[in-house]
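# Structure assessment
What follows is the residue order along each chain.
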Amino acid sequence: MQTTDNHPSGIVVRRGERGDIAALTSVFYRAVREGAGPEYSTEQRAAWAPAPPEVEAWDKRLTPQTVFVAELDGVIIGFMSLKTDGYLDLAFVDPEHIGHGVAQILYDRLESHAREAGLDRLYSDASARARILFERNDWVVDAEQTPVIRGVELHNYRMSKALTAGD
């Protein structure tokens, strides 16, 4: 199985490694605090990501998952993670690269991996921005949700996609 994909845009997609965790926490924090601005208020973004996540905590969270990272010129600019049951846990792109196809490139690799692994379904609790990407890739909204994080109400979407032979 190929573990690294090179794209005409110069973006390289590869499997994440433990040494990437610190960079992933930075991408996550910047994506929430700067990139999620149109869909979430300043208060909501501060509750969602009050500080970059602790590297040790994310190491524990991500080690059992399959993680794909997108790099440009050796710098991680986005990532997605998938649990063994088909739950797409994290999907974030550095704000400077939003709108340049990074999320789609990562998603294509993640879905391909899910199919190769024999998963019959993907599901996620998607942010407003992720919802756009997922709907473009034939996901459906199963429920609108309003989780409360640090006393602040946010909004997201329980979404899913069947991965059947007829797709």
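Our structure is the block above this text.
Residues numbered from 1 in each chain as written. Predicted model: local features only at pLDDT ≥ 70, side-chain atom pairs only at ≥ 80, totals over all residues. Heavy atoms only, no water.

Side chains that differ in charge, positive against negative, can pair when their charged atoms come close. As enumerated under the stated definition, the model contains 12 salt bridges in all. The partner of Glu71 in a salt bridge is Arg14, and the shortest N-O contact between them spans 2.9 Å. Residue Glu71 is found in strand β3 (residues 66-72), and its partner Arg14 is found in strand β2 (residues 11-15); the two are separated by 57 residues along the sequence. Judged by relative accessible area, Arg14 falls into the buried class, the value being 14%. Here Arg158 and Asp125 are joined by a salt bridge, their closest N and O atoms 2.7 Å apart. You can see Arg158 sitting in strand β10 (residues 156-162) and its partner Asp125 sitting in strand β6 (residues 121-126), a full 33 residues away along the chain. Overall, Arg158 belongs to the partly exposed group, its relative accessible area being 27%. Here the residues in one salt-bridge network are Arg30, Glu34, Asp94 and Glu96, joined through shared partners. (Salt bridge = Lys/Arg side-chain N within 4 Å of Asp/Glu carboxyl O. Helix = DSSP H or I, 4+ residues; strand = E, 2+ residues; numbered from the N terminus. Buried < 20%, exposed > 50% of the residue type's maximum accessible area, 1.4 Å probe, protein only.)

Inspection of the entire model under this criterion finds 10 aromatic pairs. Each ring, one from Phe28 and one from Trp58, has its centre 5.1 Å from the other, and the planes form 55°; the classification is tilted. Pair noted here: Phe28 is in helix α1 (residues 21-35) and Trp58 is in helix α3 (residues 55-62), with a separation of 30 residues, a long-range link. For Phe28, a relative accessible area of 8% puts it in the buried group. According to the relative accessible area criterion, Trp58 is buried, its value standing at 5%. Judged by centre distance (6.3 Å) and plane angle (65°), the ring pair of Tyr107 and Trp139 falls under edge-to-face. Taken as a pair, Tyr107 in helix α4 (residues 102-116) and Trp139 in the loop between α5 (128-136) and β7 (140-145) lie far apart in primary sequence, 32 residues in all. Of the residues examined, Tyr107 reaches a relative accessible area of 1% and is grouped as buried. Here Trp139 falls in the buried class, since its relative accessible area comes to 4%. The residue whose ring lies beneath Arg131 is Tyr157, and the NZ or CZ to ring-centre distance is 4.5 Å. (Phe/Tyr/Trp six-rings, centres within 6.5 Å; stacked < 30°, edge-to-face > 60°. Lys NZ or Arg CZ within 6 Å of the ring centre and 35° of its normal.)

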